[in-house]
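Close look at the chain arrangement
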Amino acid sequence: MAGIYDRLEVDEDVRRQLQQPSRIHEAAIPVRMDDGSLRVFNGWRIQYDQSRGPGKGGIRFHPDVDADEVATLSFWMVLKCAVVNLPFGGAKGGVQVDPKSLSRLELERLSRGYIRAFYDVIGPDRDIPAPDVNTNETVMGWMADEYAEITRMKVPAIITGKPPGMGGSAGRAAATGRGALYVLDAWAERKGKNPEDLTIAVQGFGNAGYHFARLAQESGYRIVALSDSQGAIHADQGLDPEPIWRHKNETRELKGMVYCESSVCTENDVDQISKDDLLALDVDVLVLAALENAITADNVDKVRAGAILEIANGPVTSEADKHLNEKNITVLPDVLANAGGVIVSYLEWVQNRTGDYWSESYINERLADQLVGQAQLCFDRAEEEKVDYRVAAYLQSVERIASALASRGTQRYFNGD
Ligand code: GLU
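Residues numbered from 1 in each chain as written. Predicted model: local features only at pLDDT ≥ 70, side-chain atom pairs only at ≥ 80, totals over all residues. Heavy atoms only, no water.

Turning our attention to the overall build of the chain. Assigned secondary structure in the chain consists of 15 helices and 12 strands. Taken over the C-alpha trace, the chain has a radius of gyration of 21 Å; the compact-globule value for 417 residues is 22 Å, and the two agree within 12%. Relative to its 417 residues, the chain shows a buried fraction of 59%. Counting contacts in the chain only where the partners sit at least 6 residues apart, residues at least 24 apart contribute 67% of the total. When the accessible surface of the chain is split by element, carbon and sulfur atoms take 45% of a total near 17,900 Å². (Helix = DSSP H or I, 4+ residues; strand = E, 2+ residues; numbered from the N terminus. Rg over C-alpha atoms; globule rule 2.2 N^0.38 Å. Buried < 20%, exposed > 50% of the residue type's maximum accessible area, 1.4 Å probe, protein only. Contact = heavy atoms within 4.5 Å. Areas by Shrake-Rupley, 256 points an atom, 1.4 Å probe, with all protein chains shown as cover.)

In C-alpha cells:
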C-alpha cells in the first residue's frame, strides 16, 4: 500500500493506524459431534478499522482459515466498504473447519458456538457479520437466532444475509454475482463492447459464480466454461448455468450431461477439461469466483483472457497482477467487482433497523445506483491518472479512510500546522 499512501500523501499517523488490525478476537469453539465426541475448532473475528462506521464482513468456514488470512480479508473489507462509500469499517471472521465433513446438526452447533464465542464483540453498531465462503443464509439464520437467545432480544441487524423469513433482504443471495455483472456491463459499455460478442469462463461455481453466470447469460454474454473444486466443463457454443447448478446441487458434481436438457447444447458438445485448463482458455473475460491465489506467478503466463473479473477476494497475487499489467490484461478488481454483496448487506441492515422492507426490484435499483456510480468514479480516475483499475479503486478508498482517520486529528493538526 506504500505506493498508494505516497501518491495520496497520507499522513504518517494514518499510516500507523492502518498498519495492523485494531482488534483480534480468537476463540476455541467446542462442538459436540453426532457420535458423542467433542471437537474444538479455532475461530476468529478480526476488526481491522472502524473509523468509517461499525465493522462489516463475512464469516468463512474453511480448513485453511487462520489468523493471518482473516486479518488480510478484514483489511480488504475496510477497502471495499470505502470504495463503494458504505458507512462501514472492515472486519472478517473465520473458523478452521471443513464444513463438508460435518452433519447438518454439527454445522448448526458450530454456527451457534461461534456466536457464543463472539456475541459480546459484535453488534448492529459494533460489527455486523455476513456470509462468506461455505456459509449461507441458513448459517446466518442460526447465528441471528443464537444472538437473540443470548441477549433475549430480536436484533435482526446483528447479521446480514439471513433467510427472508428472519429479516433477510430480497436480492441478497444473488447480490455479489449481480453486482459483478453490473461492473462488467459498465466496463464493457465504456469499451464499446456488446455482451453478445463476449465469451466468459467462470472459475468457481458456488453461490456468487452461479448467480453471476446465470445473470450474465440472460444478458447475452456467452458462458463457455465453468469449474468448481472437483473439475471443469467447456462448450464453445455456450453453457446454460441454471440446469448445471441444479444438477450440481443434486449430485455435487459438474457433469456435462445435464445442460443438454436445455436448448443450448447437446451432450456431445460439452468437454470435461481440467480446472487449470479453464484458467488458460482464450476467452474475452476470465471470472475468478473461487478463492484467493488462483492466479500466481506460476500460472500467470498461461492466462490468455482479455480481461479478468475478480468475484473472489484476492484471487490474483500481487506478483501475478504485475505480469497481467505488463500483458495489458485488464483486471476489474475484487474490492469493486464483488462489492454487490456488502452493498445489499448494508441495505438489509438499513431495512432491519428501520423495519421498512423493500421489493427486490427496488433493492436491485439501489445496488446498481451505488455500485455503478462508484465504479464509474474509479474508471474515470484510472483514465485521468493513467493507473490500472485496482490502483484507482485503492486510491478512491484510501482517500476516504484516511480522511475519516485524519478528521480525529493528526500530529500536524495538534501542532497547529
Ligand atoms: N463476505 C462478503 C464479502 O467478502 C460479504 C460481506 C458482507 O456482506 O458483509 O464481501
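Once you've had a look at it, read on.
By the element assignment, Arg172 lies in helix α6 (residues 172–190). Although Arg172 is buried, it makes no salt bridge; Glu348 carries the closest opposite charge, 5.0 Å away. At a separation of 3.3 Å, a polar atom in the side chain of Arg172 contacts the main-chain carbonyl oxygen of Gly341. (Lys, Arg positive; Asp, Glu negative; His and termini not counted. Salt bridge = Lys/Arg side-chain N within 4 Å of Asp/Glu carboxyl O. Polar contact = N/O pair within 3.5 Å; in protein donor to acceptor, adjacent residues only side chain to side chain.)

A general feature of soluble globular proteins is that nonpolar side chains tend to end up buried together. In this structure, Ile200, Phe212 and Leu309 are the most contacted members of the largest nonpolar core, which totals 84 residues. Every residue in contact with Leu309, bar those within four places of it in the chain, is listed here: Ala180, Leu184, Phe212, Val285, Leu286, Val287, Leu288, Leu332 and Ala337. Residues Ala27, Leu110, Phe118 and Met140 belong to the second largest nonpolar core, which totals 26 residues. (Core = buried A, V, L, I, M, F, W, Y, C linked by side-chain atoms within 4.5 Å.)

It is worth spelling out the state of the cysteines at this point. With the rule as written, the count across this model stands at zero disulfides. Looking at Cys81, it has no disulfide partner, and the nearest cysteine sulfur is the one in Cys378, 14 Å off. Its relative accessible area of 0% is what places Cys81 among the buried residues. The exposure class assigned to Cys378 is buried, which follows from its relative accessible area of 1%. (Disulfide = S-S within 2.5 Å.)

Counted according to the given criterion, the structure contains 11 aromatic pairs. With a centroid separation of 5.8 Å and 80° between ring planes, the pair formed by Phe88 and Tyr346 is classed as edge-to-face. Here the residue Phe88 occupies a position in the loop between α3 (67–83) and β4 (90–96), and Tyr346 occupies one in helix α12 (residues 340–354), the gap between them amounting to 258 residues. Residues Phe88 and Tyr346 agree in their burial class; the two are buried. (Phe/Tyr/Trp six-rings, centres within 6.5 Å; stacked < 30°, edge-to-face > 60°.)

We now examine a negative patch on the surface. Negative charge collects at one region of the surface, where Glu196, Asp197, Asp282 and Asp284 lie side by side. Within the secondary structure layout, Asp284 lies in the loop between α9 (275–279) and β10 (285–288). Note on Asp284: relative accessible area 31%, which makes it partly exposed. (Patch = residues over 30% accessible without salt bridge, like charges linked within 9 Å, V, L, I, M, F, W, Y side chains within 5 Å. Charge placed at Lys NZ, Arg CZ, Asp CG, Glu CD.)

A few words now on the site of the ligand. Close to the ligand lie 14 residues, the nearest being Lys56, Lys80, Pro131, Asp132 and Ser345. Take Asp132: an N or O atom from its side chain is 2.7 Å from a nitrogen atom of the ligand. The separation between an oxygen atom of the ligand and a polar side-chain atom of Arg172 is 3.0 Å. Protein coverage of the free-state accessible area of the ligand, which is 290 Å², stands at 95%. (Near = heavy atom within 4 Å.)

Another point: the pairing of β4. When you tally the buried positions in β4, you get six out of seven residues, the bulk of the element. Examined bridge by bridge, strand β3 (residues 55–62) and β4 share four bridges and lie parallel to one another. Bridge assignment links Arg60 to a residue of β4, and that residue is Gly94. Handedness of the crossover joining β3 and β4 through α3: right-handed. (Pairing = 2+ DSSP bridges. Right-handed = clockwise from strand over helix to strand, strands pointing away.)

Relative to the helices and strands, Val398 is located in helix α14 (residues 389–406). On the accessibility criterion, Val398 (2% relative accessible area) is buried. A C-alpha to C-alpha distance of 8.1 Å links Val398 and Val83, two positions 315 residues apart in sequence. What Val398 contacts, discounting residues up to four positions off in sequence, is Met1, Ile4, Tyr5, Leu8, Val10 and Leu79.

Glancing now at helix α4 (residues 104–118). Side chains that are three or four residues apart share a direction in an α-helix, a result of its 3.6 residues per turn. The end-to-end C-alpha distance of α4, which contains 15 residues, comes to 21 Å, matching closely the 21 Å that a straight helix rising 1.5 Å per residue would cover. Among the residues of α4, those classed as buried are Glu106, Leu107, Leu110, Ser111, Arg112, Gly113, Tyr114, Ile115 and Phe118. Against β1 (23–32), β2 (38–49), β3, β4 and α5 (137–151) lie the buried residues of α4. (Expected span 1.5 Å × (residues − 1).)

The first and last C-alpha atoms of α12 sit 21 Å apart over 15 residues, in line with the 21 Å expected at 1.5 Å per residue. With 13 of its 15 residues buried, α12 lies for the most part within the structure. Gly355 sits one or two residues past α12 and shows a positive phi near 75°.

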